[in-house]
Each structure stands twice: as structure tokens, then as C-alpha cells.
Amino acid sequence: MSSAALTEPKDEPDIGKLGMWVFLASEVLFFGGLFLAYLYGRTHWPQGWSTASRHTDVVLGTVNTALLLTSSAVVALAVACEEDATQRRWTARLLALTAALGTAFLVVKGFEWHAEWDEHLVPGPSFALDVPGAQEFFVLYFVMTGLHGVHMIAGIAVLAVLARGRSRRREWAGARQIEVAALYWHFVDIVWIFLYPLLYLVQRHG
Amino acid sequence: MVDRRRFSHTALTLGLAWIALLLLMLASLGSSYLNLGPWNAVSGLVIATLKAAIVAWLFMRLRESGPLIRLVAIAGLGLWSIQIGLSSVDYATRAVTPAAIQSPQQLPPLQAASRPH
């Protein structure tokens, strides 16, 4: 092998992108523990799980799912625009739109949490449902949606900063940075894709 | 011109993926209102997996990624499968606080084995 081949590899991976993928793999395990706890609960208290799940707000949950899926498509389009010289004027606007959709998601979630507080669905002495396992379901519901919400806040902040930086043509808000931030956003979307059927749709019939 | 056509193609792919994701979401919602027994959980998870695959393949560009990035993506899932698999071996075979999925015949030998001698 020549020395040129050693110093200038042809297909050098984008380190930023690779780093984000490694981080996301660790995030899979971070959320994975909670999904495992969920699996334990659902197989041990199926009745409690289906009763409790029926008390979540399926309309708001579905609206939020649609918001997040749309935001993922929008940020993917932002990345595509940034890579095409004739479409770059749209990048900052699409990033801002993604952050706005994310914020709308959190506002809806806030209303949902507030309603659940009022309905005594927050685990504790005055918990409303008298079915074994229902309280455990809501512990996981709040921990999982809360942790997801924290990830959303981080993502919204990053996208908003990048949108502003991109509109001012800052060097740190280029195609590579935008693509890495988009990867993170898509991951947060994927976590919700699984939370949606597991929390809202356990058993809606009957 | 070639660039422009490439962008239109990408934008179209993203648009179609978005529509597919919303349709799958509605399918998932609809299926939960049908009484499918244990298949309710299966349909919910299969649809979610399909949606996640669309996001990973097209939005996260695993389709265009090199082997290294694909390997890292698979590694995360692989490690998680080990976590779920090994833990389930424990939780699904306990005599104390058995899971609802365990058959009644499975319990007496386990309880006998865990009784102090």
C-alpha cells in the first residue's frame, strides 16, 4: 500500500456524522432500559396496562405524532436544500419551521400533562385508577414522555440556533452541522414513533 | 440542470415518505380499535418498526451511508436486543410474580425448585 493511500483514504467517513451515530446508539440503550421496564409491566399487569392506556388522550397523542413526523420530513428537506446551491435560501426557514413544530409538540404535551394532573393520573396517594399495574403504567408514561420532552427541548434549541446561524451565513451553521443536528432530531422522532402505540394504543376497543 | 433534477427527486422521495408515515400512523390508530387479541400489540409494533425504518433509511440516509455508519446503527439495536433478550429470560421464567404470559403448568416446577430445602 502506498503512503498516499494511508494518508488520504478515499472514503473517509464524516467524523461528525459518525460521532452522532455512536451517540445515538448509546441513546438506544438509554431509552432501551425504559422499554424493557415497559415490557415487564405490560406482561405482568396486562389489565392495568390496557385500562391505564385508555385514560391517555389519544387525539392529542395522534396530533403530536403527526407534528413530529412532519417536523422530521421538514428537517430532512432542509438538509437537501442546503446541499443544493439553488435551494439554499430555504434552509434557515425550514430549520426554523422544524423548531416551531417541535415547540408545538411540547405545548400540546403540556396541555396533556396538565389534564392528566387534573384527572389524578399522576402516581401518588390520590391516584384515580384502582387496577393493579395502572399506577406503574403512568410512572413509565411520565418518565418516558418526560425524558423524550427533555430530548425535544435540546433538539429545538440546536435547530433554532442553527436556523439563526444559517440565516446570518455563519460558518458553524453549514451543511455538515445541519445534517448532524437533523440526525439527532430524527432519532427523537423514532423514539416517539414507538412511544405512540405503546402508550396510547394498548387497547382502544371494547 | 442535473443538480436541479436530483433535488426534485430527493424532495419527491421525502414527500412520499412523509405521506407514507402519516398513513401508517392512521393504520396504527385504526388497528387499535379492532379487537385482534394479542395481534393488537403486534400490529402496533410492526407498524412502528416500519415507520422507524422509513425514517432511518430515507430521512437519516442509511440508504446512502457507508458500511461503518450502518454498522454503528445496527450495533445499537443489537446491544438492545441482548439487553431485552437476556432480561426476558429472567422475567418470563420467574416463579415469584410470574408474568401473565407464563402458562400455569410452568409454575409448579419453578416454585418447587425455589422452595428452601
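Quick caveat: nothing in here was measured; it's all calculated off a predicted structure.

Peer 1: Could you clarify how one ought to interpret a nonpolar patch on the surface in this entry?
Peer 2: Residues and elements named next belong to chain B. The grouping of Leu12, Leu16, Trp18, Ile19, Leu23 and Leu26 at the surface amounts to a nonpolar patch, some 590 Å² of accessible area in total. Along the polypeptide, Leu26 turns up in helix 1 (residues 2-31). Judged by relative accessible area, which is 47%, Leu26 ranks as partly exposed.

Peer 1: Before we go on, may I ask you to explain the environment of Ser88(B) in this structure?
Peer 2: In this structure, Ser88(B) sits in helix 3 (residues 67-91). Counting along the chain gives 18 residues from Ser88(B) to Gln106(B), while the straight-line C-alpha distance between them is 15 Å. For Ser88(B), the residues in contact, after removing those within four places along its chain, are Leu39(A) and Thr93(B).

Peer 1: Would you mind going over the domain arrangement of chain B with me for this structure?
Peer 2: Interface size, as often reported, equals the accessible area lost upon joining of the parts. Residue and element names in this part refer to chain B. Each assigned domain of chain B is listed with its residue range as follows: domain 1 (1-63) and domain 2 (65-96). Using only C-alpha atoms to locate each centre, domain 1 and domain 2 end up separated by 23 Å. Every contact between the two is made by five residues of domain 1 and, on the other side, four residues of domain 2. Carbon and sulfur atoms supply 47% of the area that domain 1 and domain 2 bury against each other, a total of about 290 Å² over both sides. Counting the surface domain 1 buries against domain 2, the share from its top three residues, Arg61, Leu62 and Arg63, is 87%. Linking domain 1 to domain 2 there are four residue pairs in polar contact (both at pLDDT 80 or more). Here the side of domain 1 that touches domain 2 is built from residues that sort into three nonpolar, no polar and two charged.

Peer 1: Teacher, can you tell me more about the interface of chain B and chain A here?
Peer 2: Counting residues at the interface gives 50 residues for chain B, matched by 51 residues for chain A. Both faces combined, the contact of chain B with chain A buries some 4,300 Å², and carbon together with sulfur accounts for 75% of it. Of all residues in chain B, Phe7(B), Met60(B) and Arg61(B) bury the most surface against chain A, accounting for 16% of the area lost on that side. Those elements giving two or more residues to the side of chain B that touches chain A turn out to be helix 1, helix 2 (39-59) and helix 3 of chain B. The leading source of residues in the side of chain B that touches chain A is helix 3 of chain B, at 13 residues. Of the residues contributing to the side of chain B that touches chain A, the split by class is 33 nonpolar, twelve polar and five charged.

Peer 1: Which parts of the structure should I look at to understand the confidence of the model for chain B?
Peer 2: Any region with low pLDDT has predicted coordinates that should not be read closely. Residue and element names in this part refer to chain B. Per-residue pLDDT for chain B has a mean of 88; in total, 94% of the residues score no lower than 70. By mean pLDDT, the top-scoring element of chain B is helix 2 (96), and the lowest-scoring one is helix 4 (residues 107-114) (74). Listed scores for the predicted complex are pTM 0.90 and ipTM 0.91.

Cut-offs used in this document
- Residues numbered from 1 in each chain as written.
- Chains lettered and ligands numbered in written order.
- Predicted model: local features only at pLDDT ≥ 70, side-chain atom pairs only at ≥ 80, totals over all residues.
- Heavy atoms only, no water.
- Patch = residues over 30% accessible without salt bridge, like charges linked within 9 Å, V, L, I, M, F, W, Y side chains within 5 Å.
- Areas by Shrake-Rupley, 256 points an atom, 1.4 Å probe, with all protein chains shown as cover.
- Salt bridge = Lys/Arg side-chain N within 4 Å of Asp/Glu carboxyl O.
- Helix = DSSP H or I, 4+ residues; strand = E, 2+ residues; numbered from the N terminus.
- Buried < 20%, exposed > 50% of the residue type's maximum accessible area, 1.4 Å probe, protein only.
- Contact = heavy atoms within 4.5 Å.
- Domains from an automatic or database assignment.
- Buried area = accessible area lost by both parts, 1.4 Å probe.
- Polar contact = N/O pair within 3.5 Å; in protein donor to acceptor, adjacent residues only side chain to side chain.
- Nonpolar A, V, L, I, M, F, W, Y, C, P; charged D, E, K, R; others polar.
- pLDDT = per-residue confidence, 0-100.

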